[in-house]
Amino acid sequence: MVVLRIRNAHKRTYALIGLCIVGLITYRYLGMPAGGRRMSRKVGLSANSSQFTLEGEPVHILGGSMHYFRVPRAYWRDRLMKMKACGINTLTTYVPWSLHQPERGVFNFHTQLDLEAYISLAAEMGLWVILRPGPYISSELDLGGLPSWLLRDGSMRLRTTYPGFTLAVNTFFDKLIPKVVPLQFKKGGPIIAVQVENEYGSFAKDESYMLFIKEALQSRGISELLLTSDKHNTLKSGGVDGAIKSVKLQKLNERDIQNLNAIQPNSPAMVMDYWTGWYDVWGDLHHVLPPENMVSTVREILRRGMSVNLYMFHGGSSFGFMSGALADPSYKALVPSYDYDAPLSEAGEYTPKYHLLRDLLSRYNRGESFPDMPALHYREAYEPAIMYQHLSLWDALSFTEGPFKSTKPVNMENLPVNNGNGQSYGYTVYETAITSGGLLRSGDNIRDRALVFVDRSYIGLFKRQSVELAVPDGKGRRTLSLLVENCGRVHQGRDLDKQHKGVVGDILLNNIPLRDFTIYSLDMKPSFIDSLYQAPWKTLPETPSFPGFYMGRLFVYGYPSDTFVKLPGWEKGVVFINGLNLGRYWSIGPQQTLYLPSPFLNSGINQVIVFEEQEGDYKVHFEDTPDLGMAADIQ
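Residues numbered from 1 in each chain as written. Predicted model: local features only at pLDDT ≥ 70, side-chain atom pairs only at ≥ 80, totals over all residues. Heavy atoms only, no water.

Please clarify how the overall build of the chain should be interpreted in this entry.
Looking only at helices and strands, the chain has 12 helices and 37 strands in total. In terms of overall dimensions, the chain is globule-like: its C-alpha atoms have a radius of gyration of 26 Å, near the 26 Å expected for 635 residues. Each principal axis of the C-alpha distribution contributes one length, and for the chain these read about 85 × 70 × 50 Å. Residues classed as buried in the chain amount to 58% of the 635 residues present. Partitioning the contacts of the chain with sequence separation of at least 6, the portion at a separation of at least 24 is 78%. Split by element, the accessible area of the chain, about 25,700 Å² in all, is 52% carbon and sulfur. Here the chain contributes 65 positive and 63 negative side-chain charges, whose respective centroids are spaced 7 Å apart. (Helix = DSSP H or I, 4+ residues; strand = E, 2+ residues; numbered from the N terminus. Rg over C-alpha atoms; globule rule 2.2 N^0.38 Å. Buried < 20%, exposed > 50% of the residue type's maximum accessible area, 1.4 Å probe, protein only. Contact = heavy atoms within 4.5 Å. Areas by Shrake-Rupley, 256 points an atom, 1.4 Å probe, with all protein chains shown as cover. Lys, Arg positive; Asp, Glu negative; His and termini not counted. Charge placed at Lys NZ, Arg CZ, Asp CG, Glu CD.)

I'm lost on the environment of Val454 in this one. Help?
Here Val454 shows up in strand β21 (residues 449–454). Overall, Val454 belongs to the buried group, its relative accessible area being 8%. Spatially, the C-alpha atom of Val454 lies 57 Å from that of Thr90, the residues being 364 residues apart in sequence. Residues contacting Val454, with those up to four places away along its chain left out, are Ile434, Ile459, Val471, Arg478, Thr479 and Leu480.

Quick question: what am I supposed to make of the packing of aromatic side chains here?
Within a pair of aromatic rings, the relevant descriptors are the distance that separates the centres and the angle that separates the planes. By the definition in use, this model includes 32 aromatic pairs. Between the aromatic rings of Trp128 and Phe185, the centroid separation amounts to 5.6 Å while the plane-to-plane angle is 70 degrees, which identifies the pairing as edge-to-face. Of the two residues, Trp128 is situated in strand β6 (residues 128–132) and Phe185 in the loop between α5 (163–180) and β7 (191–195); the sequence distance between them amounts to 57 residues. For Trp128, a relative accessible area of 5% translates into the label buried. (Phe/Tyr/Trp six-rings, centres within 6.5 Å; stacked < 30°, edge-to-face > 60°.)

Got a minute to help me understand unusual backbone geometry in this structure?
If a residue is not glycine, its phi is most likely negative; likewise, a peptide bond is most likely trans. With an omega of 5 degrees, the peptide bond running from Asp328 to Pro329 counts as cis. You can see Pro329 is positioned in the loop between β13 (325–326) and β14 (332–333). Put simply, Arg447 and Asp448 share a cis peptide bond, and its omega is 15 degrees. Turning to its location among the elements, Asp448 is positioned in the loop between β20 (446–447) and β21. A positive phi is found at Arg456, a non-glycine position, where the angle reads about 70 degrees. Mapped onto the elements, Arg456 comes out in the loop between β21 and β22 (457–463). Residue Arg456 is classed as partly exposed on the basis of its relative accessible area of 39%. Unlike most non-glycine residues, Asn511 shows phi in positive territory, near 70 degrees.

Would you mind showing me how to read the sheet that holds β22 here?
Adjacent strands of a sheet form backbone hydrogen bonds with each other and so pair up, either parallel or antiparallel. If you walk across this open sheet you meet the six strands as β17-β28-β18-β24-β21-β22, and the pairing is antiparallel. Unpaired on one side and paired on the other, β17 (401–406) and β22 mark the two borders of the sheet. Strand-to-strand twist in this sheet, taken as the mean axis angle between neighbours without regard to direction, amounts to 20 degrees. With four bridges connecting them, β17 and strand β28 (residues 517–522) associate as antiparallel partners. Bridge pairing in β28 places Phe404 opposite Ile519. (Pairing = 2+ DSSP bridges. Axes fitted to C-alpha atoms, helices over the stretch in contact; angles between N-to-C directions.)

This is how it looks when you write it as structure tokens:
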């Protein structure tokens, strides 16, 4: 009986302690703002005067952009802690439709794409959140974050009130918005504002469109402050009634601020995207913005009493094939690193920008003490992985979905793969029979790059600027093969509807269109890479054929560390670690290493597969420092 009483007393004590902990968490989550003082949750963020107010109290938004889909989930907490320790009070993030809905009717909000967990973690860190749900987000993603299956509709007009587009947006928002509604400020969550679309002023093809998106958000329960974001010269055409306008810039120009204030008098001024650096494209230099330039601009923004969001605070990586491309003045694909020369590097390292920014924000907050800076993760240079097995591209084709027969070439998006959703990323092989040599012309119908083979022997390359190729003479029927790569759909501009990939029109041999194709979809999804375990891999010969897959092993002793993959002697291809697509490499640079975070590695043996198009060294290196290429200041 005594023992029972003691046990019951202990249970009551533990229950009381548990209730106290739950109460403390609830109090902090529901009532504590980033500044630390408890407040009610009735009014939210307001823009009715020259300064933002939160529950009637003046507030300055000191924002930082970091995208959950570009940072390994295991590192979300680390990166957000580093953000908080720098003096940032608001997290901003885009929501990539293309990743959350890879096929019509298929939605993914789990693990790496668990948006609710990410926003809740920000709240736990004491950060407000500005959500940017699109549907178009740009963000240097393939097709600006729009899913490629939209392009299967031959009449599609993206970012307009075209019924095929609005129906798809409504279906996506029906899944997305109910997940974030409970996380709004007035419901006890951290979301203080929501952005309507993104930079529509530079597109502006449909006057009804922004109203449609605004109503699509509000009708599903979004009740916090709405805002739009545009460059200074498109502010008017990018706005919508009921949403505050904000500006994007890198250099603070007096006229631009006056223009914003004139369009929107007696409202708070906000730089929604202050670009802390820039992205990189293949064949160019690595773009950097000197730290002193960034800090002086942020200092001036704060001096003027404006709110600001740093795009990016931490860029991360565009793993796999998610990178976008530029079309103007000529086509250029983006690299997988999204380091952005941001205050926190791609691998989460502190930079001179971080330290200068932390010092500035500390003085701006009148010496308010920030949390301690978290310790950095250990980085390691592992022993190289020696490639010991080889699989020819041609032997791997039997593991693709298909093949498919077609009289005329079919673009990626309209291939009958992925449950009728077409092919989004990767490569496509087109094969047909020829009976003569001659002049092969692509007519600029290759999107974006194609290696050309006759009887599986390489004869040349098609790309945007190179549209003619000589096919050698030969006897009898021969097989002409084109390995076509989608290097990335453009992420901005007025030609989003024209981003079909693969072979998008006729290929001519001696002015006669080629016909009767066999087409293989080589999207290199995880399921395809996994299926290659059953493929006829061979011991690496002295002169292996290209293109091909190369397999090796990385040994990790003890707990894995961050590292950087380097491929000297390799030409162009894709790296897979334990089946995960790390991204593309290309010898032309600027990027020379691929960031490999420790959560992607196992203790012990790790599988390394490299798909190489043209030339390989048979050894993959792992460095402890990144190499993003020769740097050049942003002009």
